[in-house]
Structures are given as structure tokens and as C-alpha cells.
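Here are the chains, one letter per residue:
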Amino acid sequence: MNVARNLASYLLAQAMPLDPGRHHMLQSAAPQADHIEWLYWVIFWMLFVVFVLMIAAFTGAGTKARVVASHPLPILEKDEEAEHRAGWGVGAALGITVITLFVILVLSVITGRRVEGLTSKNPVTIQITGHQWWWEITYPNSQADQTVTTANEIHVPVGTPVVVLTNSKDVIHSFWAPNITGKRDLLPGYSSAFWFEIERAGIYHGQCAEFCGLQHAHMGFSIIAESVHEFQAWQQQQLKTAAEPSTSEAIRGREVFLTHACLMCHTIRGTDAGSRVGPDLTHVASRNMIAAETLPNTAGALAGWVVDPQRIKPGTQMSPNPLAPDDLQAVVAYLQSLH
Ligand code: HEC
Ligand SMILES: [Cu+2]
């Protein structure tokens with residue numbers, strides 16, 4: 001099986017080079033995705049064999065029963081012997097089909113079990129809350145000031161079980177990072193849990209997999225798997241309150257932020273902004289992307305987003321902010337100082 005699987009993986013990679021870091025079911029980086037990939041290849045080869053047998057049978061039948069147009073149709077005589085054989089043939093084919101489907105069913109159940117199985121030795125716990133159309137990520141702690149809150153970018157340590165608690169603020173979303181594990185629905189008002197563990201460091205892309213409204217396609221996320229050391233450093237940095245702006249422009253930007261609508265929807269810890277309609281911006285500059293993997297986290301993209309998010313993600317909960325150009329520049333400078 002492994003040879004067949006590797007051969008197929010190899011051929012696929014030749015035909016369609018896989019881009020590490022993007023989402024791909026056939027490039028697993030975690031034991032659970034491994035199990036799912038294994039099931040994929042088992043079913044793939046079973047169906048391949050069925051396909052070849054079917055084509056062979058059709059070809060055989062086609063060559064045998066050719067009717068030549070110029071000849072009159074032969075008068076068929078009832079051939080007891082042949083009918084008997086055909087009956088057995090159909091019966092056998094039916095039996096094999098039922099057995100094959102049953103084997104697939106059993107393998108699916110076994111794979112489901114393997115994916116579920118929880119080995120929680122010193123897990124990291126994260127809470128993922130779905131919003132239209134972004135992901136709120138918290139690392140809960142019994143002490144409120146030790147809780148990290150971020151958006152759309154999930155940092156986890158490599159080789160450590162991660163327990164994920166899920167919930168949704170509005171409609172059903174589905175968390176899907178194909179390199180890591182199967183889909184998990186996030187249901188409003190209903191908490192559930194699953195776990196994963198990543199074997200190889202890297203950035204793995206994920207996507208909402210349950211249609212959740214207009215901007216469903218712009219509801220991506222990424223999982224950043226790093227060494228335990230890097231993860232802890234990241235966590236320590238995220239625990240800090242917002243950096244004090246050091247340039248006069250950034251100081252003015254904070255002023256703009258706190259005197260405009262921004263503070264009605266966003267939190268920046270260490271300032272008066274403490275609302276949770278939108279993502280926590282305390283460390284927004286530490287993220288690679290904004291708006292759920294829709295834009296790179298650059299000055300230009302930030303400015304475009306802040307002025308008119310409705311043009312980038314029509315329907316998003318963030319209202320347009322027609323700021324004067326120098327106010328906009330100042331607010332962007334401030335956001336970029338929030339490491
Ligand atoms: C009515 C609520 C609301 C207001 C007002 C608002 N925002 Fe937002 N903001 C949101 C929501 C919701 C999102 C997430 C949108 C998404 O990703 O689909 C968001 C996203 C962002 C992001 C991207 C964060 C990330 O990590 O993806 C930035 C930056 C941002 N807002 C800055 C601002 C600034 C600056 C202002 C004020 C000029 C402001 N917002 C006003 C609701 C608001
Ligand atoms: Cu969705």
C-alpha cells in the first residue's frame with residue numbers, strides 16, 4: 001500500500017507541484033491528516049481497480065456482441081447454459097460490490113476513530129470563535145491578564161497536542177486546515193472540542209469550509225507551527241499591553257484611533273479601546289496578513305482597509321472611515337507600531 005501511495009503522490013507532485021504552506025490534503029503535516037490521506041489512497045486504488053475491471057468488461061462485451069449491419073439479425077435461441085452463467089456473473093459482481101463498500105465503510109469508521117483519539121499530555125488549549133468573516137483566537141488562562149487574544153493567525157508549538165475549543169458568534173462556520181486534520185464545524189451557542197498535533201514546523205493555510213454568507217471565501221486563517229521556544233517567546237510578547245507609540249505621528253495616530261469609531265469595535269489593551277466587535281489590535285503589527293488572510297499587513301493595505309473595508313469585503317461588520325489623509329497616515333503609523 002505504501003509503495004502505491006508513494007507512487008501516486010510522486011506522480012501527482014510531478015503533474016502539479018505542491019506548494020508547501022498552502023493547503024493541501026495530500027501533504028499532511030500531522031498524524032490525523034496522515035490517517036485521512038491514507039484512507040484517501042486506499043479508496044483511490046480500490047476505485048482504480050474497479051474502473052479498470054469495468055472498462056475491460058465493457059470492452060469484452062462490445063467485441064463479442066458486434067452486430068454487422070449488412071447481415072440480418074440472428075434469431076436468438078434460448079441458451080439455458082449461457083443464462084445460468086450470466087446469472088452467476090451478475091451475482092458475483094453484486095457480492096464483490098457489497099463487500100468492497102463494506103470494507104470502505106469499516107476503514108472510514110477506523111479512520112474516524114484514529115482522528116478522534118485524544119492523547120492530551122500537557123496540551124496547549126486554544127479557543128476559536130467564528131465570526132462573519134474572521135476567526136477570533138484566544139489562549140485562555142484562569143488569570144484574565146494572562147489570556148492572549150489574536151485573530152486569524154494561530155501560533156502553536158510543534159510536537160505538542162493542541163486542544164481546540166470551538167464556538168461561533170453568529171452562524172455555522174467550519175474550521176478546515178487540510179494539512180493538519182479534518183473539518184470541524186463551529187456552531188453558534190454550542191461549544192465543542194477537538195485536538196491536533198503538528199509534526200513539522202511551517203505555516204499551514206486553512207479556510208472556512210461551511211458557507212457562512214457573502215464573504216465566506218475571504219475567511220481564511222493560518223496555523224504557524226514553531227518550536228516550543230519560539231512559541232513561548234511569541235506568547236510572552238502577545239501578553240504585553242500595547243507598545244507606547246514612539247514617533248509623533250504614531251502618537252497622533254493613537255489619538256485619531258481613540259477619538260473615532262475604531263474604539264467602539266476594537267480592543268487595544270493599555271488604551272481606552274476595549275470593544276470586541278472586531279479583532280483585538282493590541283499586536284496587529286505582529287500578523288502577516290489582515291482581514292482573514294485577505295490582504296498583506298502593509299501600510300498601503302492597512303490604509304485601503306481602514307478607509308473602505310466595504311470595498312474589500314462587501315458586507316463586513318467594519319464601517320467605512322472617511323479620515324482626512326494625514327489622520328489616515330497617522331493611524332496607519334500607529335497600527336504598524338503595535339508589534
Ligand atoms: C463597526 C465596527 C468597527 C469599526 C467602527 C472599526 N472596525 Fe476595524 N474591524 C471590524 C471588524 C468586524 C473587523 C474584521 C473584519 C474581517 O476580517 O472581515 C475589523 C478589522 C480591522 C483590522 C484588521 C485586523 C486583522 O487582524 O485582520 C484593522 C487593522 C482595523 N479593523 C482597524 C480599524 C480602525 C483603524 C478603525 C477606525 C478608523 C476601525 N477598524 C473601525 C470592526 C470595526
Ligand atoms: Cu464560511
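Residues numbered from 1 in each chain as written. Chains lettered and ligands numbered in written order. Predicted model: local features only at pLDDT ≥ 70, side-chain atom pairs only at ≥ 80, totals over all residues. Heavy atoms only, no water.

Novice: In this structure, what is going on with the site of ligand 1? I would like to understand it.
Specialist: If you check the shell around ligand 1, you find 27 residues, and the closest are Cys262, Cys265, His266, Ala291 and Met318. Between Ala291 and ligand 1, the recorded distance is 2.7 Å, taken from a backbone N or O atom to an oxygen atom. The side chain of Trp305 places a nitrogen or oxygen atom 3.5 Å from a nitrogen atom of ligand 1. With respect to the pocket detection grid, ligand 1 is positioned in the largest cavity. When contributions to the shell around ligand 1 are tallied by element, the ones reaching two or more residues are helix H6 (262-265) and helix H7 (299-307). The element contributing the most residues to the shell around ligand 1 is H7, with 3 residues. Residues belonging to the shell around ligand 1 are distributed by class as follows: 18 nonpolar, 7 polar and 2 charged. Both domain 2 (124-239) and domain 3 (248-336) contribute no fewer than three residues apiece to the shell around ligand 1. (Near = heavy atom within 4 Å. Polar contact = N/O pair within 3.5 Å; in protein donor to acceptor, adjacent residues only side chain to side chain. 1 Å grid on protein atoms, 1.4 Å probe; cavity = no way out; pocket = protein on both sides within 12 Å on 5 of 7 lines; lining within 4 Å. Sits in = over half its atoms within 2 Å of the grid points. Helix = DSSP H or I, 4+ residues; strand = E, 2+ residues; numbered from the N terminus. Nonpolar A, V, L, I, M, F, W, Y, C, P; charged D, E, K, R; others polar. Domains from an automatic or database assignment.)

Novice: What's the story with the coordination of the iron atom of ligand 1 in this structure? I'm lost.
Specialist: Four donors placed tetrahedrally around a metal ideally meet at 109.5 degrees, and six donors placed octahedrally ideally meet at 90 or 180 degrees. Protein ligation of the iron atom of ligand 1 involves His266 (NE2) and Met318 (SD), the donor distances falling in the range 1.9 to 2.2 Å. Geometry at the iron atom of ligand 1 is octahedral, judged from the 6 donor atoms that bind it and their angles of 86 to 179° at the metal. Here the residue His266 occupies a position in the loop between H6 and strand S11 (289-290), and Met318 occupies one in the loop between helix H8 (309-312) and helix H9 (325-336), the gap between them amounting to 52 residues. A relative accessible area of 10% means that His266 is categorised as buried. (Donors = N, O, S within 2.8 Å, 3.2 Å for Na, K, Ca; no water. Tetrahedral: all angles 85-135°; square planar, octahedral: opposite > 155°, others 65-115°. Buried < 20%, exposed > 50% of the residue type's maximum accessible area, 1.4 Å probe, protein only.)

Novice: Quick question: what am I supposed to make of the coordination of the copper ion (ligand 2) here?
Specialist: Surrounding the copper ion (ligand 2) are the protein donor atoms Cys208 (SG), Glu210 (O), Cys212 (SG) and His216 (ND1), which sit 2.0 to 2.6 Å from the metal. What the 4 donor atoms of the copper ion (ligand 2) show is an angle range of 90 to 127° at the metal, which sorts the shape as tetrahedral. Donor residues binding the copper ion (ligand 2) come from one chain and are separated in sequence as C-x1-E-x1-C-x3-H. Residues Cys208 and Cys212 agree in their burial class; the two are buried.

Novice: I would appreciate a short explanation of the nonpolar core in the present structure.
Specialist: The tendency in soluble globular proteins is for nonpolar side chains to be buried side by side. Ranked by size, the top nonpolar core spans 31 residues in total, and within it Ile154 and Ile223 carry the most contacts. For this core, the secondary-structure elements that each account for two or more residues are strand S1 (124-131), strand S2 (134-139), strand S4 (153-157), strand S5 (162-168), strand S8 (192-196), strand S9 (202-208), strand S10 (220-226) and helix H4 (228-239). For Ile223, the contacting residues outside a window of four places in its chain are Ile154, Val156, Phe175, Ala177, Ile180, Phe196, Ile198, Gly202, Ile203 and Tyr204. Residues Ala242, Cys262, Ala273 and Leu323 belong to the second largest nonpolar core, which totals 24 residues. (Core = buried A, V, L, I, M, F, W, Y, C linked by side-chain atoms within 4.5 Å. Contact = heavy atoms within 4.5 Å.)

Novice: Sorry if this is basic, but what is going on with the layout of surface pockets here?
Specialist: Space left empty within the atom packing is revealed by a probe, the size of a water molecule, rolled over the atoms. Roughly 410 Å³ of internal volume is contained in the largest pocket. Taken together, 15 residues form the lining of the largest pocket, with Val50, Leu53, Ala93, Ile96 and Thr97 sitting closest to its centre. Secondary-structure elements contributing two or more residues to the lining of the largest pocket are helix H2 (31-64) and helix H3 (80-116). Tallying contributions element by element places H3 first for the lining of the largest pocket, with 9 residues. (Points joined across faces, edges and corners; volume = space filled by probe spheres on them.)

Novice: When you look at the pattern of salt bridges in this model, what are you seeing that I'm missing?
Specialist: When charged atoms on two side chains of opposite charge get close, those side chains can pair. Evaluated as defined, the whole model comprises 5 salt bridges. Here Arg184 makes a salt bridge to Glu116, at a shortest N to O gap of 3.2 Å. Taken together, the residues span a long stretch of sequence, with Arg184 in strand S7 (residues 184-186) and Glu116 in helix H3 at a distance of 68 residues. The salt bridge involving Arg254 is made with Glu244; its shortest N-O contact spans 3.2 Å. With a gap of 10 residues between them, Arg254 in helix H5 (residues 248-259) and Glu244 in the loop between H4 and H5 connect regions that are remote in the sequence. When salt bridges that share partners are traced, they join Arg252, Asp326 and Asp327 into one network. (Salt bridge = Lys/Arg side-chain N within 4 Å of Asp/Glu carboxyl O.)

Novice: Explain H3 here, please?
Specialist: Compared with the 54 Å implied by 1.5 Å per residue over 37 residues, the 54 Å span of H3 between its first and last C-alpha is a close match. On its buried face, H3 sits against H2, S7 and S8. Sitting at the head of H3, Asp79 places a side-chain oxygen 3.1 Å from the backbone nitrogen of Glu81. (Expected span 1.5 Å × (residues − 1).)

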